[in-house]
Amino acid sequence: MTDSHAHIYSDKFKQDVDKILEKAFEQNVNKIYMPNIDHQSIDGMLELEEKYKGKCFSMMGLHPCSVDKHFEKELYIVEEWLNKRHFTAVGEMGIDLYWDKTHFEQQKEAFRIQTEWAKKFKLPIVIHIREAMQETLELLENVYEEGLTGVVHCFTGNLEDAERVIKLGFKLGIGGVATFKNGGLDKVLPHIGLEHLLLETDSPYLAPKPHRGKRNEPSYIPIIAQRIAELKDVDVAEVEKVTDENAAALFVTEPI
């Protein structure tokens, strides 16, 4: 199985990251894609990728919560790295209006710039959306060009939102929210084909039931796969197979 989005380089795993990864591998979660946050997360992410070659894969991007009035400096570092070596995707990028709307315009500009780099390097984009579904989908539709691919990670929208994402050929990243009683995905996932879905944890955040409120980790991917199987009334093996294929097709693990 594949965890398409996990911050396992986070300080939350500082004491036991090796044990956490071994636990994931034992659960047959053998590929973990790591989204970047900003310049502070790069070293730890790349160290894990080097240590667990072929299992942990790095992305390069600027998280919207790290976008402020000096965001150009952060983007310069992202661009420098994209020119220096291969990454599996541009991300994590997007729009987050949950805490603060002050830098909305800068977030939009950072989104547009990173999308252009994705087109240039022929990489998918990994999109973070929080309290900004309509704003982000509109932005994505405006910058979209044929050939651009990606995933809306931690998707929590309604069926209409999902259909807009799918229409562009993008995937929906499904995580622990699918197991929440009032998460809303029980009204969406039964109507969405498996070919449009990726499994993710967003570790260390958003742990699925029965671990909700605790630290999330990649070994919980089977819980999410099981929940999707229940909602779609299909075998869990089918969920695992198709979402694995989706991740393998989307992420560019080797330079083109």
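A few points on the structure.

Reading the values: rules and limits
- Residues numbered from 1 in each chain as written.
- Predicted model: local features only at pLDDT ≥ 70, side-chain atom pairs only at ≥ 80, totals over all residues.
- Heavy atoms only, no water.
- Axes fitted to C-alpha atoms, helices over the stretch in contact; angles between N-to-C directions.
- Helix = DSSP H or I, 4+ residues; strand = E, 2+ residues; numbered from the N terminus.
- Parallel < 35°, antiparallel > 145°, perpendicular 65-115°, else oblique.
- Left-handed = near helix turned anticlockwise from the far one by under 90°.
- Contact = heavy atoms within 4.5 Å.
- Nonpolar A, V, L, I, M, F, W, Y, C, P; charged D, E, K, R; others polar.
- Pairing = 2+ DSSP bridges.
- Buried < 20%, exposed > 50% of the residue type's maximum accessible area, 1.4 Å probe, protein only.
- Arc of directions from axis to C-beta.
- Disulfide = S-S within 2.5 Å.
- Polar contact = N/O pair within 3.5 Å; in protein donor to acceptor, adjacent residues only side chain to side chain.
- Core = buried A, V, L, I, M, F, W, Y, C linked by side-chain atoms within 4.5 Å.

So, on to the packing of helix α7 (residues 221-232) against helix α8 (residues 236-250). At a minimum axis distance of 8 Å, the contact between α7 and α8 shows a crossing angle of 115°. Classed by the angle they form, the pair α7 and α8 counts as roughly perpendicular. Where α7 crosses over α8, the handedness of that crossing is right-handed. When α7 is examined against α8, the residues Ala 225, Gln 226, Ile 228 and Ala 229 are found in contact with a partner set consisting of Val 236, Val 239 and Glu 240. Among the residues making up the contact of α7 with α8, the classes are represented as five nonpolar, one polar and one charged.

Here we come to the sheet that holds strand β3 (residues 56-58). Pairing is parallel in the open sheet, where three strands are placed in the order β1-β2-β3. Single-partner strands in this sheet number two, and they are β1 (2-3) and β3. In terms of strand pairing, strand β2 (residues 31-34) meets β3 through three bridges, oriented parallel. Within the sheet, the bridge partner assigned to Met 34 lies in β3 and is Ser 58.

To continue, consider helix α2 (residues 42-51). Residues of α2 that are buried include every one of Ile 42, Met 45, Leu 46, Leu 48 and Glu 49, and no others. The buried residues of α2 occupy an angular sector of 160° when the element is viewed end-on, so they sit on one face. Facing away from the buried side of α2 by more than 90 degrees, the exposed set consists of Asp 43, Glu 47, Glu 50 and Lys 51. On its buried face, α2 sits against α1 (17-26), β2, β3 and α3 (71-84).

Cysteine pairs can be linked by a disulfide, which is a covalent bond between their two sulfur atoms. For the structure shown, the criterion picks out zero disulfides. In this model Cys 65 remains outside any disulfide bridge; the closest cysteine sulfur is found in Cys 154, 12 Å from its own.

Attention now goes to the environment of Phe 57. Mapped onto the fold, Phe 57 is located in strand β3. Residues contacting Phe 57, with those up to four places away along its chain left out, are Lys 31, Ile 32, Tyr 33, Met 34, Glu 49, Thr 88 and Thr 253.

Looking now at the side chain of Thr 136. Among the secondary structure elements, Thr 136 is positioned in helix α5 (residues 133-143). Overall, Thr 136 belongs to the buried group, its relative accessible area being 1%. At a separation of 2.7 Å, a polar atom in the side chain of Thr 136 contacts the main-chain carbonyl oxygen of Ala 132. With sequence-adjacent residues up to four places away left out, Thr 136 is seen in contact with Ile 95, Phe 111, Ile 127 and Ile 129.

Turning our eyes to something else, we now look at the nonpolar core. Ranked by size, the top nonpolar core spans 75 residues in total, and within it Phe 155 and Ile 174 carry the most contacts. Setting aside residues no more than four positions away along its own chain, Ile 174 makes contact with Phe 155, Leu 185, Leu 189, Leu 197, Leu 198, Leu 199, Glu 200, Ile 224 and Ile 228. Counting residues in hydrophobic clusters, the runner-up holds ten residues, among them Phe 57, Ala 89, Val 151 and Phe 251.

Distances and angles like these do not, on their own, reveal function.
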